[in-house]
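Here's the letter readout for the chains.
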Amino acid sequence: MNHEYSIRFYCVRFLVPGVRKWLGSGTKVKETQQQFKHECDSGCHQPAKVFIFGLRILGDIDLAFLHIVDLVENLLYSTRIEEGRMTLHTSTELVGEIIADALAHIGQKAAAHPITLCCEDDLLLVRADAKLIVQVITNIIDNAIKYTPAGAAITLTAEARASMVEIGIAD
């Protein structure tokens, strides 16, 4: 990796968790926003409205940072694959946990789509690089969310096929 990109990547990589810690979780920001909105509605103070607007902007910044990190990681993985420097870190993983991690990355983007998981076995195991599989599933679900009309269902399936596991994503 080029030194310039390395510095940029690590700045983003270490800045985002700090900003997220400072902001709190997205849920915490929403709860605080709702609490101040309620106070504003009952007393209608201008500073509270400004604060609510600030919380909304900070929440948007948080989501933008996560999106930037995802893009940078995708570019770095693509570069490593193209240069033949990709190293897989495989381990035995629960498929359900891999899918849960991918859905956690999607977060609130999935609000407009009911997402259903159909897994034939709760203890379905796979030997894989979980981080990469999470990234692949996240990218496919993200595309399904972007290009599927609001309200349309997205279904994830996972089932054993001989000595492999097949994960399907359909919209």
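Here the structure is a predicted model, which means the values were calculated and not measured.

Reading the values: rules and limits
Residues numbered from 1 in each chain as written. Predicted model: local features only at pLDDT ≥ 70, side-chain atom pairs only at ≥ 80, totals over all residues. Heavy atoms only, no water. Helix = DSSP H or I, 4+ residues; strand = E, 2+ residues; numbered from the N terminus. Buried < 20%, exposed > 50% of the residue type's maximum accessible area, 1.4 Å probe, protein only. Contact = heavy atoms within 4.5 Å. Areas by Shrake-Rupley, 256 points an atom, 1.4 Å probe, with all protein chains shown as cover. Pairing = 2+ DSSP bridges. Axes fitted to C-alpha atoms, helices over the stretch in contact; angles between N-to-C directions. Core = buried A, V, L, I, M, F, W, Y, C linked by side-chain atoms within 4.5 Å. Salt bridge = Lys/Arg side-chain N within 4 Å of Asp/Glu carboxyl O. Disulfide = S-S within 2.5 Å.

Peer 1: Help me get a handle on the overall build of the protein, residues and values and all.
Peer 2: What the protein contains, in helices and strands, is five helices and five strands. Counting from the amino terminus, helix and strand elements in the protein follow one another as α-α-α-β-α-β-β-α-β-β. For the protein, with 171 residues in total, the buried portion stands at 25%. Of the contacts formed within the protein by residues at least 6 apart in sequence, a portion of 76% connects residues at least 24 apart. Surface accessibility of the protein: about 11400 Å² in total, with carbon and sulfur atoms responsible for 60%.

Peer 1: Lay out the sheet that holds strand 2 (residues 115-119) in plain terms, naming residues and giving numbers.
Peer 2: A sheet is described by the order of its strands in space; here three strands give the open sequence 2-4-5, paired in mixed fashion. The open sheet terminates on both sides in strands that have one partner only, identified here as strand 2 and strand 5 (164-170). Neighbour-to-neighbour, the strand axes of the sheet open up by a mean angle of 15°, direction not taken into account. Pairing geometry for strand 2 and strand 4 (residues 154-161), over five bridges, is parallel. Bridging from a neighbouring strand, Cys 119 pairs with Ala 158 of strand 4.

Peer 1: Residue-level account of the nonpolar core, with values.
Peer 2: Counting 16 residues, the largest nonpolar core has Ile 99, Ile 137, Ile 141, Ile 145 and Leu 156 as the members making the most contacts within it. Of all elements in the fold, only helix 4 (95-106), helix 5 (130-147) and strand 4 reach the threshold of two or more residues within this core. Ranked by residue count, the leading element in this core is helix 5, at six residues. Non-local contacts of Ile 141, meaning those with residues more than four positions away in its chain, are made with Leu 103, Ile 106, Ile 115, Leu 156 and Ile 169.

Peer 1: Quick one: what's the story with the pattern of salt bridges, residue by residue and with numbers?
Peer 2: Side-chain pairs of opposite charge can arise whenever the charged atoms involved come near each other. Applying the stated criterion to the full structure yields four salt bridges. Glu 83 is paired through a salt bridge with Arg 85; the nearest N and O atoms lie 2.6 Å apart. Several salt bridges share partner residues, and in doing so they unite Glu 159, Arg 161 and Glu 166 into one network.

Peer 1: For the environment of Ala 112, give the residues involved together with the corresponding values.
Peer 2: Within the secondary structure layout, Ala 112 lies in the loop between helix 4 and strand 2. With relative accessibility at 40%, the residue Ala 112 sits in the partly exposed group. In the structure, Ala 112 is positioned 39 residues away from Gly 151 in sequence and 5.5 Å away in space, judged by C-alpha atoms. Those residues in contact with Ala 112 that lie beyond four places of it in its chain are Ala 150 and Gly 151.

Peer 1: Provide a residue-level description of the side chain of Thr 148, including the pertinent values.
Peer 2: As for its position among the elements, Thr 148 is in the loop between helix 5 and strand 4. In contact with Thr 148, other than residues within four places in its own chain, are His 113 and Asp 171.

Peer 1: For the state of the cysteines, give the residues involved together with the corresponding values.
Peer 2: On inspection of all chains with the given rule, the structure shows zero disulfides. In this structure Cys 118 is not part of a disulfide, and its nearest cysteine sulfur, from Cys 119, lies 9.0 Å away. Assessed through its relative accessible area of 25%, Cys 119 is described here as partly exposed.

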